[in-house]
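In case you want the letters, here they are:
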Amino acid sequence: MNGLFAPRYWGVWFIFGLVSLLVWLPLRWQYALGKFFGRLAFSRYSRRKTIIKRNLELAYPTTALRKREAIASECMESLSMTLVETLFVWLRGVKPLINRIKIAGVEHIQQSSGNGVIVLGAHFASLDLCVSALAAHVPLGATYRKFKHPVVEYFAKRSRERCYAQLFEASHLKSIVGALQQGKSIWFAADQDMGNRKSTCFVPFFNIETSTTITPYRLARHTGAKLLFMSHERIEKDLRWEIRIHEVQPSTEPEPTCFETEATVVNSLIEEAVNQYPAQYFWVHRRFKSTKSGQRRPYE
């Protein structure tokens, strides 16, 4: 902890100190500030803007360029708003907004009959806010990856330890298996490009054979855990959020080497949710960078 106060981190501490005051402003004011600084950030770091536009070009090749450009601009605004919401949750918690968040399908977790539950999510807008809101209704663990900056990691982990029943580093599979066997519920991100590892399978996502993690499906098969899918979106004009949880039927194949059936179903559910609100997906990630051949798809 003492190392976090080294002089090289003072600037980040100052920013968090300032933000800890700003999160008490009306949320629409916070959004306006977030959008303003977001535009500055994207104008300075154009590489992220390029990634968003390239992803949209790959996912929507027949959509007019003008419309894709509009979605890209909305996506940058949505990412700025998501950052505002994330900082709000980290510094104030989810409770002040909980009554504005509607959850449909939470009974799928509550009626798990003592079995473990794997809640598959994706990088939609308001991610920290919505998953924290679900964790406020049912005991929920979550997998995560550490932030590289230690001060940011400090605030993120402190918040998540308050929100979630348990945190699991994504690579600590033994502890995850143990928790599922004890009947616990755990949230996983199902939409990250993990390259050509053994824990991935290439299945369609927006008609592109896309690197898709299959670890959750393997864990479900091993532990008997129930598979669920969670989507969510922000309704900005009303300052509210909606969460939907669906059950995913596991494959009946005896011992699949690649869980293609489950991965394809979940990718199609993610795609369906993205198509409803295209700008509220994290297109800032290089989702299609890996190919079956092992080569990288160009993004620059």
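Please refer to the structure higher up on the page.
Residues numbered from 1 in each chain as written. Predicted model: local features only at pLDDT ≥ 70, side-chain atom pairs only at ≥ 80, totals over all residues. Heavy atoms only, no water.

**Regarding the sheet that holds strand 8 (residues 226–235)**
In space, the seven strands of this open sheet follow the order 1-9-8-2-5-3-4, with mixed pairing throughout. Strands at the two margins of the open sheet, each flanked by one partner only, are strand 1 (101–104) and strand 4 (166–169). Pairwise comparison of adjacent strand axes, ignoring direction, gives a mean angle of 25° for this sheet. As judged from the five bridges shared by strand 2 (residues 117–121) and strand 5 (residues 185–189), these two strands associate in the parallel manner. Bridged to Gly121 within strand 5 is Ala189. (Pairing = 2+ DSSP bridges. Helix = DSSP H or I, 4+ residues; strand = E, 2+ residues; numbered from the N terminus. Axes fitted to C-alpha atoms, helices over the stretch in contact; angles between N-to-C directions.)

**A short note on unusual backbone geometry**
One non-glycine residue, Ser126, lies in the positive phi region at around 65°. By the element assignment, Ser126 lies in the loop between strand 2 and helix 6 (127–137). On the basis of relative accessible area, Ser126 is assigned to the buried category, the value being 1%. Of note, Asn207 is a non-glycine position whose phi angle comes to about 65°, a positive value. If you trace the backbone, Asn207 turns up in the loop between strand 6 (200–205) and strand 7 (208–213). (Buried < 20%, exposed > 50% of the residue type's maximum accessible area, 1.4 Å probe, protein only.)

**Regarding the pattern of salt bridges**
In the structure shown here, the tally under the stated rule is 12 salt bridges. As a salt-bridge pair, Lys35 and Glu77 come within 3.8 Å of each other at their nearest N and O atoms. Of this pair, Lys35 sits in helix 2 (residues 27–44) while Glu77 sits in helix 4 (residues 65–92), and the two are 42 residues apart along the sequence. Salt bridges linked by common partners bring Glu233, Asp238, Arg240, Glu242 and Arg244 together as one network. (Salt bridge = Lys/Arg side-chain N within 4 Å of Asp/Glu carboxyl O.)

Read these as layout, nothing more, since geometry by itself doesn't imply function.
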